[in-house]
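As a plain string of letters, each chain reads:
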Amino acid sequence: MIIFHIDVNSAYLSWQAAYELENGSNRDLRTLPAIIGGDQTKRHGIVLAKSIPAKKQGIITGESLLEARLKCPGLLVIAPNYQLFAQCSEAMYELLLEYSPHVQRYSVDECFLDYTASQRLFGDPVETAHTIRNRIKEELGFTVNIGISSNKLLAKMGGELKKPDQVHTLFPAEIAAKMWPLPVGDLFMVGRATQKKLQRLNIQTIGELAKNDPSFLRLHFKSYGTLLWQYANGIDDSLVRESNFPAQKGIGNSTTISFDVNDRKEALLVLLSLTEKVGLRMRRKKALGQVVTISIKNFHLEKLSHQRRLTHPCQSTRGLYEVVETLFDEAWTGAPIRHLGVRVSDLTDQPFEQLSLFDTYDREKDATLDATMDKLRKRYGEKILIRGCFPHSGIKSIQGGVAENDDYPIMTSLL
DNA sequence: TCTGGGGTCCTAGGACCC
DNA sequence: TCTGGGGTCCTAGGACCC
């Protein structure tokens, strides 16, 4: 197998930079201490992407804008344009499809491409990778890293080696020289918590992890230990998956509210607007859900979740919201609320909607209402219809979701 | 004006069944 | 009536990814 991993360098920032240049700007954000960041007045102020000059000032993705500005006074902060990002992502995907029908969209800015069968047509993998890298730069205006190997894990690790605008191979024979000297935190699936735990066991590099006894790792990390040992040794047999297989497991939306919510009514209004969005997405995908979960983050940033399995699969906004309301009343301690979320999981396409004698509403009427609202919203925009409870509430009638494009699932932490 | 939003997977403990 | 014990389902929380 020959697998490519294609990864846009500082995606959000590069895309914004390319867009500005194309529209006659004379600055290139990539050459300035600049970041893409959320709106601080809405309490969304974190770093989403950073330029290399910003990185050199010590700025980290995910940190607050306050911290970032402290490290780098005069930092240029640009708001995210998710529509632009979706378009750039799509353009790259289309270009990649010219080289193989087997392309997996791993995230908005990362793809895996199975080059195995393409080799007869396009020849040497490294040469083709350079062609792709150059074409993306010339035709789309942004740079990528491409990692090449015999499986997805190694291709992905290879792509991380040196940035930006690079092609790297990381075949099994190169693991010892290229991957093992790296700090263990650089390994895919080793996050902050695991890195700390590994360090306590005196495991500092990927090589030290690889040479450890797998049963020792299993003792400390359970099934995760086996996975870590395999990854450190470059072992991975997952396939490049096209389309959305396996099916998506859940659909959720959440939001940080720009002010702390102390009032039950107000919290429920936010939850309704989130449920509205979740319901819309469920119906668009023709999915029904069997478990509803709400999540609450309070002003102390303490998180809590509460969930319930339904008696019948459901996709109607009203049906879902009834459960959401109950869950909220059972879970809320009264602490000021910063963030609320609604998620529906255990999805199915089987609407074995047997009529329940205890239904408090008419399911059929409800489905018709949802369908009508969905249609109008699709044609005229989401704001065309607003439930009577929202006007003058200061709360958006439908919210959640960053990108409009909902056609491909983003399968994270799963190769 | 401190710390987003979208996901998946694993584990532990309790309920419940035979 | 002093202690079984395996299996499954459900829920909450925490790890990871981008």
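About the criteria used
- Residues numbered from 1 in each chain as written.
- Chains lettered and ligands numbered in written order.
- Predicted model: local features only at pLDDT ≥ 70, side-chain atom pairs only at ≥ 80, totals over all residues.
- Heavy atoms only, no water.
- Helix = DSSP H or I, 4+ residues; strand = E, 2+ residues; numbered from the N terminus.
- Rg over C-alpha atoms; globule rule 2.2 N^0.38 Å.
- Buried < 20%, exposed > 50% of the residue type's maximum accessible area, 1.4 Å probe, protein only.
- Contact = heavy atoms within 4.5 Å.
- Areas by Shrake-Rupley, 256 points an atom, 1.4 Å probe, with all protein chains shown as cover.
- Lys, Arg positive; Asp, Glu negative; His and termini not counted.
- Charge placed at Lys NZ, Arg CZ, Asp CG, Glu CD.
- Near = heavy atom within 4 Å.
- Polar contact = N/O pair within 3.5 Å; in protein donor to acceptor, adjacent residues only side chain to side chain.
- Nonpolar A, V, L, I, M, F, W, Y, C, P; charged D, E, K, R; others polar.
- Pairing = 2+ DSSP bridges.
- Axes fitted to C-alpha atoms, helices over the stretch in contact; angles between N-to-C directions.
- Domains from an automatic or database assignment.
- Phe/Tyr/Trp six-rings, centres within 6.5 Å; stacked < 30°, edge-to-face > 60°.
- Lys NZ or Arg CZ within 6 Å of the ring centre and 35° of its normal.
- Parallel < 35°, antiparallel > 145°, perpendicular 65-115°, else oblique.
- Left-handed = near helix turned anticlockwise from the far one by under 90°.

Caption draft 1: Molecular detail of the overall build of chain A. Within chain A, the secondary structure is distributed over 15 helices and 12 strands. In summary, chain A has a C-alpha radius of gyration of 24 Å against a globular reference of 22 Å for 415 residues, a match within 12%. With respect to the three principal axes, the spread of C-alpha positions in chain A is 65 × 55 × 45 Å. Taken over 415 residues, chain A has a buried fraction of 47%. Taking the intrachain contacts of chain A between residues at least 6 apart in sequence as the baseline, contacts between residues at least 24 apart amount to 64%. Carbon and sulfur atoms provide 54% of the accessible area of chain A, an area that totals close to 21300 Å². For chain A, the distance from the average position of its 52 positive side-chain charges to the average position of its 48 negative side-chain charges is 3 Å.

Caption draft 2: Expanded view of the protein's contact with DNA strand B. Surveying the vicinity of DNA strand B reveals 31 residues, the closest of which are Lys222, Ser254, Arg281, Leu301 and Arg343. Sugar and phosphate atoms form 65% of the subset of DNA strand B atoms that lie within 4 Å of the protein. One of the side-chain nitrogen or oxygen atoms of Lys222 is found 2.4 Å away from a phosphate oxygen of DNA strand B. In this structure, Lys249 approaches DNA strand B through a main-chain N or O atom, which is 2.7 Å from a phosphate oxygen. Among the elements that take part in the surface near DNA strand B, strand β9 (residues 250-261) stands out by supplying seven residues, more than any other. Across the surface near DNA strand B, the residue classes tally to seven nonpolar, 17 polar and seven charged.

Caption draft 3: Representation of the sheet that holds strand β1 (residues 3-8). The mixed open sheet is built from five strands, whose spatial order is β5-β6-β1-β7-β8. This sheet does not close on itself; its edge strands, each paired only once, are β5 (103-107) and β8 (167-169). Pairs of neighbouring strands in the sheet enclose a mean axial angle of 20°, with direction left out of account. Across five bridges, the pairing between β1 and strand β6 (residues 110-114) is antiparallel. Of the residues in β6, the one forming a bridge with Ile3 is Asp114. Contacts from helix α4 (residues 82-97) reach β1, β5, β6 and β7 (144-149) within the one sheet, and its direction differs from that of β5 by about 155°.

Caption draft 4: Local environment of the domain arrangement of chain A. Taken domain by domain, chain A holds domain 1 (13-80), domain 2 (180-232) and domain 3 (250-384). One C-alpha centre belongs to domain 1, the other to domain 2, and the line joining them spans 33 Å.

Caption draft 5: Structural context of the packing of aromatic side chains. Applying the stated criterion across every chain, the model contains 11 aromatic pairs. When the centroid spacing of 4.1 Å and the interplanar angle of 10° are considered together, the rings of Tyr12 and Phe85 count as stacked. Taken together, the positions of Tyr12 in helix α1 (residues 11-22) and Phe85 in helix α4 put the pair 73 residues apart, joining distant regions of the chain. For the pair Tyr12 and Phe85, one class covers both residues: buried. In this structure, Arg105 packs its charged tip against the face of Tyr93, placed 4.6 Å from the ring centre.

Caption draft 6: How the structure looks around the packing of α4 against helix α6 (residues 125-140). One can describe the packing of α4 onto α6 by two numbers: an axis separation of 11 Å at closest approach and a directional angle of 140°. When the axes of α4 and α6 are compared, the pair comes out oblique. Crossing handedness for the pair α4 and α6: right-handed. Taking contact as the criterion, the partners of Ala91, Met92, Leu95 and Leu96 in α4 are, on α6, Ile132, Arg135, Ile136, Glu139 and Leu140.

Caption draft 7: The environment of Ile6, seen in detail. Within the secondary structure, Ile6 sits in strand β1. Assessed through its relative accessible area of 0%, Ile6 is described here as buried. Filtering out sequence-adjacent residues up to four positions away, Ile6 remains in contact with Met92, Leu96, Asp109, Glu110, Cys111, Leu113, Ile136, Val144, Asn145 and Ile146.

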